[in-house]
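# Fold and contact review
Here is what each chain is made of, one letter per residue.
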Amino acid sequence: MTLKDKITAEPGFQYVVDKIELMSAPGRRRMLMQPFIKDEAELKREYDNIGHVVECLKQAECNRAVAVIRHQLMQIHDLQGTLTNLQQNTVLEEIELFEIKSFTFLAMETAKAATEIGIGDILTIPDVDGAFKLLDPDKTRIPNFYIYDSYHPELGGIRRQLKAKQTLLDNCNGSDDERAALQREVNDLFEQQNTIQQQVIANLSEQMHGYWKVLQEAFDRMAYTDFLFARATMAENWQLCRPRLGTVETRYKALWNPRLRRRNEELGLRYQPVDIALQNGVCLITGANMAGKTVMLKTVGVAQLMAQFAMFVPASEAQMALFDDVVFCIGDEQNEMNGLSSFASEIIKISDTVTRAANERLLILVDEPARTTNPVEGKAIVQAVASLLEKQQSTTLITTHYSQLGLGCRRLRVKGFVENMSDAPLTPENINSFMDYSLLDDDSDDVPQEALRIASILRCNRELLETAENFLNG
């Protein structure tokens, strides 16, 4: 499974991916091919690499070298097709030789700058000096490529003759026969030059074939460097934290949702991070409507995806277990598919997830299951899902409005409305300012009943509210 496979799993994760500031097309392709890492040692190495680059970004003495690296990355073209031709021992075009020389120059400059700031061993860009020298016989040390006279003993002389004859032809005021004779000489010299140049290109292509492996490795490492610097830049700019690994429990302190926090900042609204601890088995989460339960599920999932795709996470502190996959059974994914109803698409997703959980260790996020069916069957479905997943090795979070489920699993409740959180009068426009999103352990088998209170705050029809209240009280 690669990042490309999960990029649309949740809009919040796609938001994160879209905000990663890559410098090149190869860097973006490398990002999309980033594997979902399940091996703790491999993930720690990636975190180490990000951490080293973050430290470089913080130090003023590294600014020049960092700018050099970024400048080289910005100039990288996608020469995978050229490298494939080189691997297949195809005679290259002159432009392809130019691409290779330009790339080797960029790779050498990047490796040099990386060594200056102590991250050369992290980038591990192989030495491509041999390939560069082959394309730079006159030791110009510039990225531009030209079929130099030094590639063939006759080439320089032919070019000088061609230039001289072309000058004579351009300035000739003689008869048509004289001009025709000069044109034949120019054509002949041009053909000789072209023949030799094609020989040179064929010879260079054959010699360059011996470098294709090191060039491919260098190209891959430069793409990795782009992705690495982009992740480190995001970690620094967003103040992401490095997760601690090797624990059974997953725990976040001050976890925040990147997309929602940015939106709230743009609107001048308050954003409240949350603390949450996850354990094997099922945890039911309850809370009032508008209490942010769905956002919390999405944020946990986005953080886990970021972590296992080798990124730092949006929290002040994080420790986490590793999973085989993150499964979202949330409204955004439960749209109608193939003409099925919302309940049909939802229950198929949940059914598939229950089946997978028998053989995989999953982080499962289920938002109000069976809410679109009748309450009697809906409650039974929630009970069935929770009881089956409780027996598995997966970690499952389920938000629900159903009470009296009779399940022995862990429960959390969103604290909800706190009327003294703001001095301003409570109105439909500022209702979120009175919401405390912190999570509390809850031993009750009942769920908060605040729907009518919210409806009252939203100034709904008074007769409607009073009638509902009468039915509620029996």
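Before going into details, it helps to say that this report is about the structure given with it. Each chain carries its own residue numbering, running from 1 in the direction its sequence is written. A pLDDT threshold of at least 70 governs which residues receive local features in this predicted model, and a stricter bar of 80 or more applies before side-chain atom pairs are shown or counted, although totals over entire chains, interfaces and linings include all residues. Excluding hydrogens and water, the side-chain figures rest on all heavy atoms present in the structure.

In this description a helix means any DSSP run of H or I spanning at least four residues, a strand means any run of E spanning at least two, and both kinds are numbered starting from the N terminus. On a plain count of helices and strands, the protein chain comes out with 18 helices and nine strands. Its C-alpha atoms give the protein chain a radius of gyration of 32 Å, more than 25% over the compact-globule value 23 Å for 474 residues. Its C-alpha atoms give the protein chain principal-axis dimensions of about 115 × 50 × 50 Å. Contacts: residue pairs with any heavy atoms within 4.5 Å of one another. Across the protein chain, the fraction of contacts at a sequence separation of at least 24, relative to all contacts at a separation of at least 6, is 76%. Accessible area of the protein chain: about 23200 Å², with a carbon and sulfur share of 48%. Mean positive and mean negative side-chain charge positions of the protein chain (50 and 67 charges, respectively) differ by 3 Å. We compute the radius of gyration from the C-alpha atoms alone; for a globule the expected value is 2.2 Å times N to the 0.38, where N is the number of residues. Per-residue and other accessible areas were derived by the Shrake-Rupley procedure at a 1.4 Å probe size, with only the shown protein chains allowed to occlude residues. The charge count treats Lys and Arg as positive and Asp and Glu as negative. His and the chain ends do not count. For this purpose, a charge sits on NZ of Lys, CZ of Arg, CG of Asp or CD of Glu.

What follows covers the sheet that holds strand β4 (residues 317-319). Taken together, the three strands give an open sheet; going across it, the order is β2-β1-β4, and neighbouring strands pair in antiparallel fashion. Looking along the sheet, the strands with just one partner apiece sit at the ends: β2 (274-278) and β4. Averaged over all adjacent pairs, the angle separating strand axes in this sheet is 10 degrees, with direction ignored. Two strands make a pair as long as DSSP finds a minimum of two bridges between them. In this structure, strand β1 (residues 250-255) lies alongside β4, joined through three bridges in antiparallel fashion. Note on β4: the bridge partner recorded for Lys 253 is Glu 317. Structural elements are reduced to axes, namely lines fitted to C-alpha atoms, with helices fitted over the stretch in contact, and the angle between N-to-C directions of any two is expressed from 0 to 180 degrees.

What we call a nonpolar core is a set of buried Ala, Val, Leu, Ile, Met, Phe, Trp, Tyr and Cys residues that are connected through their side-chain atoms within 4.5 Å. Burial status follows relative accessibility: with a 1.4 Å probe on protein chains alone, a residue under 20% of its type maximum counts as buried, one over 50% as exposed, and anything between as partly exposed. In terms of nonpolar packing, the biggest core is built from 121 residues, with Ile 119 and Ile 276 touching the most fellow members. Here Ile 119 is in contact with His 52, Val 53, Cys 56, Ile 69, Ala 114 and Phe 229, once residues within four sequence places are set aside. The next biggest cluster of nonpolar side chains, apart from the first, holds 20 residues, and it includes Ile 364, Val 382, Val 385 and Leu 407.

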